[in-house]
Amino acid sequence: MNHYDCVIIGAGAAGLMCAATAGQRGRKVALLDHANKVGKKILMSGGGRCNFTNYDISAENYLSGNPHFCKSALSRYTQWDFIALVEKYGLAYHEKTLGQLFCDNKARDLLNILLAECDKGGVDIRTHTEIFQVEQAPTGGFSLTTSAGRYECQSLVIATGGLSIPTMGATGFGYDIAKQFGHTVTRRDAALVPFTFKGPWLALTQSLAGVAVPAQVSCAGQSFAEALLFTHKGISGPAALQISNYWYPEDSITVDWLPGVDLPNQLKQWRQNAEKASLGTLLSTYLPKRFVVQWLEFHDEKELLQKPLADWRNRDIDALSDILQMWQMRPTGTEGYRTAEVTRGGIDTDDVSSKTFASQKTPGLYFIGEVLDVTGWLGGYNFQWAWASGYCCGNHV
Ligand code: FDA
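Keep in mind the model is a prediction, meaning the values are calculated, not measured.

Structural notes on helix 8 (residues 237-244)
Among the eight residues in helix 8, seven count as buried, and that is most of the element. Turning to helix 8, its buried residues are Pro238, Ala239, Ala240, Leu241, Gln242, Ile243 and Ser244.

Description of the packing of helix 1 (residues 13-24) against helix 14 (residues 381-394)
The geometry of helix 1 relative to helix 14 is characterised by a closest axis approach of 7 Å and an angle of 30 degrees between their N-to-C directions. Taken together, helix 1 and helix 14 sit at an angle that is classed as roughly parallel. Where helix 1 crosses over helix 14, the handedness of that crossing is right-handed. Contacts from Ala13, Ala14, Gly15, Met17, Cys18, Ala20, Thr21 and Ala22 of helix 1 reach helix 14 at Phe383, Ala386, Trp387, Ser389, Gly390, Tyr391, Cys393 and Gly394. Looking at the contact of helix 1 with helix 14, its residues break down into 11 nonpolar, five polar and no charged.

Digging into the domain arrangement of the protein chain
The assigned domain composition of the protein chain is domain 1 (2-189 + 344-394) and domain 2 (195-334). The straight-line distance from the C-alpha centre of domain 1 to that of domain 2 is 40 Å. Looking at side-chain class alone, the side of domain 1 that touches domain 2 contains three nonpolar, one polar and one charged residues.

Quick look at the pairing of strand 13 (residues 212-219)
Side-chain alternation along strand 13 places Val213, Ala215, Val217 and Cys219 on a buried face and Ala212, Pro214, Gln216 and Ser218 on a face that remains uncovered. Relative to strand 14 (residues 222-230), strand 13 runs antiparallel, the two being bridged by eight bridges. Its bridge partner lying in strand 14, Val217 is registered against Phe224. Connecting the antiparallel pair strand 13 and strand 14 is a turn made up of two residues, with Ala220 showing a positive phi of about 50 degrees. One ladder, built from three bridges, connects strand 13 with strand 16 (residues 253-256); its direction is antiparallel.

Some remarks on the site of the ligand
If you check the shell around the ligand, you find 37 residues, and the closest are Gly10, Gly12, Gly161, Gly169 and Gly369. At the level of elements, helix 1, helix 2 (40-44) and helix 14 are the ones that each hand at least two residues to the shell around the ligand. Ranked by the residues each element gives to the shell around the ligand, the list is headed by helix 14, at four residues.

Considerations on the pairing of strand 6 (residues 100-103)
Residues Gln100 and Phe102 of strand 6 are buried on one face, and the alternating residues Leu101 and Cys103, pointing to the opposite face, are buried as well. One ladder, built from three bridges, connects strand 3 (residues 51-54) with strand 6; its direction is antiparallel. In the sheet register, Asn54 faces strand 6, and the bridge partner there is Gln100. As paired elements, strand 5 (residues 93-95) and strand 6 share three bridges and run antiparallel to each other. What sits directly across from His94, in strand 6, is Phe102. As consecutive antiparallel partners, strand 5 and strand 6 are separated by four residues, and within that stretch Leu98 has a phi angle of approximately 50 degrees, a positive value.

Basis of the calculations
Residues numbered from 1 in each chain as written. Predicted model: local features only at pLDDT ≥ 70, side-chain atom pairs only at ≥ 80, totals over all residues. Buried ≥ 20, exposed ≤ 12 C-beta atoms within 10 Å, placed from the backbone. Helix = DSSP H or I, 4+ residues; strand = E, 2+ residues; numbered from the N terminus. Axes fitted to C-alpha atoms, helices over the stretch in contact; angles between N-to-C directions. Parallel < 35°, antiparallel > 145°, perpendicular 65-115°, else oblique. Left-handed = near helix turned anticlockwise from the far one by under 90°. Contact = placed C-beta atoms within 7 Å. Nonpolar A, V, L, I, M, F, W, Y, C, P; charged D, E, K, R; others polar. Domains from an automatic or database assignment. Pairing = 2+ DSSP bridges. Near = placed C-beta within 6 Å.

Structure representation (structure tokens):
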């Protein structure tokens with residue numbers, strides 16, 4: 001029998017942070033994971049460089065059934081606290097864009113920092129450990145039956161993350177445990193995920209595969225202006241991933257391919273100047289020519305490409321503005337958990353303390369990280385949530 005003050009299931013971002021914090025407070029901590037390695041998502045994130053936080057973090061960057069839930073932890077363990085931690089270890093990092101901080105070298109450098117912090121706290125890390133059963137012990141606390149024997153603990157932390165990338169070890173374990181102890185689990189969907197199309201729209205995206213265009217995408221009252229990338233299955237790139245957090249099946253998404261440009265006025269000006277250049281050439285200051293040509297062909301407006309600007313009617317200007325600035329698309333679906341960065345939804349936060357992450361249903365049980373119904377934007381927000389919730393919980397268990 002292994003006796004611990006605290007057992008944490010899931011050695012990902014939140015579990016490692018929680019283990020290090022609790023261990024350094026003098027708690028006897030075991031961190032269990034069924035995978036062969038810890039922190040796999042840290043290693044694969046940000047193209048191997050891990051976008052570990054963002055200079056600009058607030059509750060507005062998160063989705064949840066209770067939008068206030070994340071505020072307490074995010075204010076008690078901020079991006080500046082995490083930056084101070086990595087700077088203490090001399091991690092080289094840089095801001096890529098929009099406040100997003102990445103390792104200069106490899107995500108492994110960041111994982112090593114978390115492992116060093118766990119080491120300082122004397123945390124026992126056990127990989128290859130399957131959890132078969134979790135029960136409340138008659139004397140209080142919990143008893144776990146695992147492939148590596150039995151564990152007993154006073155506090156049990158569930159940090160098993162979401163459902164994305166099952167090949168990396170993602171499971172629904174955390175949701176099952178939550179239900180076992182009387183918690184509600186909200187609807188879950190693959191999020192921060194590329195969209196797929198069928199039929200003619202698929203043919204269009206395939207013909208443009210590899211082309212990236214800065215665009216403003218809007219859905220459900222939310223907008224993002226970032227690059228949108230055409231793929232062989234549909235659309236991806238930061239703009240598509242961001243808006244996928246807000247998209248539900250059947251919703252349509254509006255795309256403005258010329259954000260900030262007053263296209264009708266610009267076209268009228270070109271008409272007035274009797275510009276000789278073709279529309280494709282004129283628009284190529286804003287958009288790739290290949291995109292403009294394919295786009296107009298797809299929308300049966302090919303003749304506008306040849307028509308001298310001086311001959312344009314207002315009706316032509318309206319038609320072009322509509323297809324370039326108010327394009328409505330209805331994706332067939334998404335690529336799903338196979339490629340999604342996160343799971344939207346999760347354990348309902350109503351029955352979890354936002355300060356300690358303790359279950360309000362079962363004393364001694366805690367939930368942290370992505371397994372909860374808190375989903376961040378693309379840009380380091382999900383890791384910051386993992387660090388913040390892990391730290392606050394680690395100070396309590
Ligand atoms: P996480 O998924 O990290 O850890 C859960 C752990 O639990 C895993 O080690 C898993 O093996 C273990 N586990 C699961 N089931 C178990 C079971 N039944 N028994 C035992 N152990 C079990 N975010 C960000 O902010 N910046 C970024 O750059 C990226 N990039 C990115 C790229 C890709 C490809 C993905 C898939 C995701 C991202 N993310 C991201 C999201 C980020 O990785 C994610 O939100 C955090 O890792 C969540 O941390 P958690 O600790 O909650 O779960």
